[in-house]
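# Structure assessment
Residue strings, one per chain:
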Amino acid sequence: MSSLPVLDVSGLGRRYGELTALHDLDLEVRPGECVAVIGHNGSGKTTALRVIAGLLDPSAGSVHVEGTSVDQGVGAIEARAALALVPDTPSLYDDLTVREHLQLVAVAHGVADADVDARIEDMLGRLGLAEKLDAMPVTLSRGMRQKVQLACALIRPWRVLVLDEPVVGLDPASQRTLRELLLEAKRAGRAVVLTTHQLEFARGVADRAVVLSEGAVVADGPYDEIVDGAIVREYGLL
Amino acid sequence: MRSHRRPFRPSAYQVYATVVCGAIIGVFVRGAITSLVGGGIGVHGLLVLGPAVLLVVVLGAARFGSWQGPVSFSAADLALVLTAPIATADLVQPKLEHSLVVGALAGAAVGGVAILVVAGGPGALGAVRSVAAVVALASLSSLCVAIGWLVQSSRRSGQRIRWVSPAVVVAAGGLVAGSAVVFSRLGMWSGPWGWSIAPLAGGTGWPVALGLALTSSAVVVLWALRRAGAASIEMFAVRAGTRSALSASAWTLNYRTAALSYRAAQPARLGVRIRIGPPARPQRAVLWRDAIALARDASRVGWATLLGAGATVGALTHPGRLLPAVLAAAGLYFAASVLCEPLRVDVDYPDRSATLLTWSFARVLLAHCTLPALTLATITAGTVLVSVAIGVAGPGALVLIPSLLIGVVATAVLAAALSARRGGRVDEALLIRLLGADPSSPASWAMIVLWVAPWLILTLITLGGAITIVGHAVVHHRSVVSAGVLAVGITGAVAGTLIGVARRTTRPD
């Protein structure tokens, strides 16, 4: 595993008016590493991921991908594009089919080469959506739409995959497929950051756990040590 | 339920109050109408415009049925009554009959007004024709209610009505043109919307037309009553939700949510389920996405064509006049606005484009302007070519295509896109200020209009001015080239400024 972080979050903070949802978050994720951000409801997990992915502007701090700031300066756009987000709530276009969603993402990221359709079919087949290539999102269940959202993130080039509650709505078989995909990504040297309340899902996938409470980091260490330790009970995670 | 319904018995006071108020209001209304119109618009005007207007009214009734309809149930009714073991027809029929009666009364009232407007009063028509005119319009009104129910109770009909609406509007325009140019009674004989004005218009054959009007209305009303049981609880539930959402949206001037609620109540759009192969270049990703969206919502193409072509013809046929030029500018703006719907979708859910495309919002906004600009340019250029070919405009209009058109289309599309960026709702702080504004003060109204529709106003001024400048040169035989250069300069400068503004837009919250 390389020693230089692919994702470097430093002093990240976010306020909503008077409410401080996130303050002073430091997080480094190295290539091939998976970090699970865990915490009780309202601890700031989703805010942290949304700020990292660029959906929210930080009130303080910075986010760097492979040493390049995602907010300003030369290379910010490319650095931002290296982050792929799978949000907690799937958000798809009502008038595009599943296949067209992935084609749109592939084209927008410059990877719509001659075999893009084959890659799309392969990706959707692994996620159990082979029969839904030409389906419209309104005809899909929430879990299926979540899988389409995941496929949209995976079909394009990325260095850091950010997943917010990725297993909500997924059946056990799909959860196993997701674990395999994340392990493959790690073996390929990419980085993963995810939030989840399902601590057993992340076991064997996540290398580290970062525990948030009231917008601040209260623990950061090897996943099994954190999850099997007292701190998860102290903060209501078990 | 019907056997337990209490019969309606108004009290003496209610009758007295109704008669007194009706008489007072009636006197005022009669006085207002006759003073406004001065005794009549004339039979010729009635024959030319009446059928087209009534055709659009019938279309409006059908479209109303596609998202609301004449029969509605409250949320409480849905939960308690519709789920009870009572036949839907038994619940719907009384409401439908009530709506038909109210419709007929409303139509009769319109008939009374029409007698005043067209003939100056029943004395000029005679008793028979006056009664026939009132009955004819009452029957048309009931027909509209019945059509509304037929559309409401049929999902497919709702889809089809929305798809054919632009064509019906064009047909109405055709009736006006045909009645004005070819045969004055063309519209009168074109269908129930024309038969119902026959007693007012007079002439030979009006009793036959009246008979046709009454027969067609009776047939449709009976058909509607037979379909009283054809509706589903889901349909009523969606419409009840739409009413709530529209009411809430109206209070907060949130017209985007109102539009989305209205759209959600309608059946899925009919469109062409074609496959367009994805492009290779990333810059064309949004253009490709917009093309698919446009193909799958055919009515948008229809409305944009109607508005864009109408605006172009209006500008070509009334050169040098300010009001037609401003109306043309408005038509182009609204045509562009219709075509900018995919941008509005991205504004509704800004995270979506940020997650899928990872482009800056400014880039997304400008990318969404490409297809509307190409489509609107094609519509307006095509209209100019056709107008010149059929002699509506002179060959000099061809100069407009490469020159003014680019700036005009770009300005209209960019203004519509920047307006769409606002999300179709009024900022909370502004809303509070608007609610506190003094309604008697012109300055307050100016503020309201400027804040609510700045991009439309900019378009009206810029494009209206540019179109007027060129038209003025044509009419007064001045240098069209110079006028064209000036107009291109104005529109180009504004379009360039708007591009600069668009480049600095940020993602909506």
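Quick caveat: nothing in here was measured; it's all calculated off a predicted structure. (Residues numbered from 1 in each chain as written. Chains lettered and ligands numbered in written order. Predicted model: local features only at pLDDT ≥ 70, side-chain atom pairs only at ≥ 80, totals over all residues.)

## Considering the sheet that holds strand E2 (residues 19–29) of chain A
All names here are of chain A. Read across the open sheet, the four strands follow the order E2-E1-E4-E5; overall the sheet is antiparallel. Of all the strands in the sheet, just E2 and strand E5 (68–69) have a single pairing partner and so form its edges. Where strand E1 (residues 7–16) lies against E2, seven bridges are found, and the strand directions are antiparallel. Among the inter-strand pairings, Tyr16 is bridged to a residue of E2, identified as Leu19. Its contacts with the sheet put helix H1 (residues 45–53) on E1, E2 and strand E4 (60–65), and the angle it makes with E2 is roughly 65 degrees. (Pairing = 2+ DSSP bridges. Helix = DSSP H or I, 4+ residues; strand = E, 2+ residues; numbered from the N terminus. Contact = placed C-beta atoms within 7 Å. Axes fitted to C-alpha atoms, helices over the stretch in contact; angles between N-to-C directions.)

## Points about the confidence of the model for chain A
Summarising the model, chain A shows a mean pLDDT of 91, and 99% of its residues fall at 70 or more. Per-element mean pLDDT across chain A ranges from 79 in helix H9 (residues 231–234) of chain A up to 96 in strand E7 (residues 160–164) of chain A. (pLDDT = per-residue confidence, 0-100.)

## Thoughts on the nonpolar core
Val160 and Val162 of chain A together with Leu332 and Ala412 of chain B are the most contacted members of the largest nonpolar core, which has 142 residues in total. When residues of this core are assigned to their parent elements, the largest contribution, twelve residues, is made by helix H20 (residues 404–421) of chain B. With sequence-adjacent residues up to four places away left out, Val162 of chain A is seen in contact with Leu49, Ile52, Ala53, Leu83, Ala84, Leu85 and Val193 of chain A. Core analysis: the second largest hydrophobic core is formed by 59 residues, Leu143, Ile161, Met188 and Ala231 of chain B among them. (Core = buried A, V, L, I, M, F, W, Y, C linked by C-beta atoms within 7 Å. Buried ≥ 20, exposed ≤ 12 C-beta atoms within 10 Å, placed from the backbone.)

## What to know about the domain arrangement of chain B
Residue and element names in this part refer to chain B. In terms of domains, chain B is made up of domain 1 (37–232) and domain 2 (287–503). Here the C-alpha centroids of domain 1 and domain 2 sit 35 Å apart. Classifying every residue of the side of domain 1 that touches domain 2 gives five nonpolar, one polar and one charged. (Domains from an automatic or database assignment. Nonpolar A, V, L, I, M, F, W, Y, C, P; charged D, E, K, R; others polar.)

## With respect to the environment of Ile499 of chain B
Inspection of the secondary structure assignment puts Ile499 of chain B in helix H24 (residues 480–503). Residue Ile499 of chain B is classed as partly exposed on the basis of its 13 C-beta neighbours within 10 Å.

## Some thoughts on the packing of helix H23 (residues 454–475) of chain B against H24 of chain B
Helix-helix packing: each pair is described by the crossing angle between the helix axes and the interaxial distance. Residue and element names in this part refer to chain B. At a minimum axis distance of 8 Å, the contact between H23 and H24 shows a crossing angle of 175 degrees. In this view, H23 runs roughly antiparallel relative to H24, as classed from their interaxial angle. Across from Thr462, Leu463, Gly465, Ala466, Ile469, Val470, Ala473 and Val474 in H23, the residues of H24 making contact are Val480, Ala483, Gly484, Leu486, Ala487, Ile490, Thr491 and Val494. Tallied by class, the residues present in the contact of H23 with H24 amount to twelve nonpolar, four polar and no charged. (Parallel < 35°, antiparallel > 145°, perpendicular 65-115°, else oblique.)

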